[in-house]
Amino acid sequence: MLKLLRSLDNAILNLNDFESLARRHLPKAIFGYVQGGADDGTTIQHNLRALDRLRMVPRVLRDVSACSQQVTLFGQSFASPFMIAPMGASAIVGHDADNAMARAARSARIPYILSANAITPIEEIGRAYPGCWFAGY
Ligand SMILES: Cc1cc2nc3c(=O)[nH]c(=O)nc-3n(C[C@H](O)[C@H](O)[C@H](O)COP(=O)(O)O)c2cc1C
């Protein structure tokens, strides 16, 4: 996969660019599992419209030496208010995906949430990111 991404050079400029490439390379069922929303896709459309209403306001020549995105959630301190949401069966899309995401979240000091539907053993993820979260239901 890395080899493929490198060979594409500048073909990926934003996250949407991954979608058409993924469609070409993933088996149809796996692509559909990741790309699609639930049922008629109503919630995904609402979410996209809501996000589309937000704009970034560029502010230039500001002193950013003391900026911090640090946040405290449930008594734990994290570097940023972003997290990797629980995604079941990630390992069918990319071998070792759960471990890779857990390690990336740990090194970025953000939460990683292991899905109850993950197909990687919980003990393995516990070693990759001790104290990460688990979506139990
Ligand atoms: C491929 C995939 C698998 C998911 N699996 C789970 C899951 O097992 N458990 C869960 O609670 N949410 C699951 N979700 C939902 C995500 O945790 C998240 O709530 C949802 O994608 C909305 O966040 P987003 O707008 O950042 O994508 C899954 C989402 C995707 C795209």
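None of the values given here were measured: they were computed from a predicted structure. (Residues numbered from 1 in each chain as written. Predicted model: local features only at pLDDT ≥ 70, side-chain atom pairs only at ≥ 80, totals over all residues. Heavy atoms only, no water.)

As for its placement among the helices and strands, Ile44 is situated in helix H4 (residues 42-52). For Ile44, a relative accessible area of 31% gives the class partly exposed. Placed 56 residues apart in sequence, Ile44 and Ala100 show a C-alpha to C-alpha distance of 26 Å. In this view, Ile44 contacts Gln35 and Gly37; residues no more than four positions away in its chain are not counted. (Helix = DSSP H or I, 4+ residues; strand = E, 2+ residues; numbered from the N terminus. Buried < 20%, exposed > 50% of the residue type's maximum accessible area, 1.4 Å probe, protein only. Contact = heavy atoms within 4.5 Å.)

Let's shift gears to the pattern of salt bridges. Overall, the coordinates contain 1 salt bridge when judged by the stated rule. Across the salt bridge formed by Arg103 and Asp96, the nearest N and O atoms sit 3.8 Å from each other. A residue is classified by how much of its surface remains accessible, and Asp96, at 29% relative accessible area, is partly exposed. (Salt bridge = Lys/Arg side-chain N within 4 Å of Asp/Glu carboxyl O.)

According to the domain assignment, the chain contains domain 1 (1-37) and domain 2 (69-137). The straight-line distance from the C-alpha centre of domain 1 to that of domain 2 is 22 Å. Residue-level contacts link 4 residues of domain 1 with 4 residues of domain 2. Taken over both partners, the interface formed by domain 1 and domain 2 buries close to 330 Å², and the fraction arising from carbon and sulfur atoms is 74%. When the buried surface of domain 1 facing domain 2 is broken down by residue, Leu26, Ile30 and Tyr33 rank first, second and third, together holding 90% of it. Remark: the boundary between domain 1 and domain 2 carries 0 salt bridges. (Domains from an automatic or database assignment. Buried area = accessible area lost by both parts, 1.4 Å probe.)

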